[in-house]
Amino acid sequence: MFKSHGEKRINLPNGVSIRKTYQFLIFSKDSDIKSEEGKYPVIVTGFGKYQFGNFTITFRKVSRSKFKSADGNDYFSLSDLRFPLTIRTRFSGDRLIPFGRKTPVKLKKLLIDLKIEKNRRDDLPVITDSSGSILLVPGIRRSNIAPVTEGSKSLLRISVKEK
């Protein structure tokens, strides 16, 4: 268990388990396991705040003059987005084309390469457009869909806070 890479789990009697992540050993009881709350898709019907598990995600329309590329928010050209947007967890086989690239990558591979722990991977919000294409995995990577350009007039600013 200790010499292997990635994540491993051993289930012990009385609901106790030991999980090895990339750098930690975590001991837990069944009562410590998270509920499924927040795992159901949330349809983004308009601008405002949406709750998804431990995340509060805010969608705001802003003008191009408010665009700041390094302020911790993610921006998209509003006219290039397909609504409604959806907030969900990852699906098996999810792919996205990261910003600045032309070829898709599997979300699972991206999260593993970034050494995101498995239990965290399952809780991360994934924001998609109406066609199901991934726009953003907050705090991880945005896609190349609807980039902000000189011609962009109105932008969608997505802000994410975790409890």
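Counting restarts for each chain, with residues numbered from 1 along the sequence as it is written. Only residues with pLDDT of 70 or above have their local features reported here, since the model is predicted, and side-chain atom pairs are shown and tallied only from 80 upward, although totals for entire chains, interfaces and linings are computed over all residues. Computation of side-chain values covers all heavy atoms of the structure but excludes hydrogens and water.

Undergrad: Which residues make up the sheet that holds strand 6 (residues 55-63), and what values go with them?
TA: Pairing within the open sheet is antiparallel, and its 4 strands lie in the order 5-6-14-7. With one partner strand each, in any of the chains shown, strand 5 (48-52) and strand 7 (74-77) form the two edges of the open sheet. Between one strand axis and the next, the sheet turns through 25° on average, direction left out of account. Following DSSP output, two strands are said to pair if at least two bridges run between them. The helix and strand labels rest on DSSP assignments: H or I over at least four residues marks a helix, E over at least two residues marks a strand, and numbering proceeds from the N terminus. Two elements, strand 5 and strand 6, share 5 bridges in a ladder whose sense is antiparallel. The residue bridging Gly-48 from the neighbouring strand is Phe-59, located in strand 6. Between N-to-C directions, angles span 0 to 180 degrees; the directions come from axes that are lines fitted to C-alpha atoms, helices contributing only their stretch in contact.

Undergrad: So what's going on with the sheet that holds strand 12 (residues 134-137)? Which residues, and what values?
TA: Across the sheet, 5 strands lie side by side as 4-8-11-12-13; this open sheet has antiparallel pairing. In this open sheet, the two strands that pair with only one neighbour each are strand 4 (42-44) and strand 13 (141-142). Here 3 bridges tie strand 4 to strand 8 (residues 85-88), and the two strands are oriented antiparallel to one another. Counted as the bridge partner of Val-44 is Leu-85 from strand 8.

Everything listed here is a matter of coordinates, which is why it stays silent on function.
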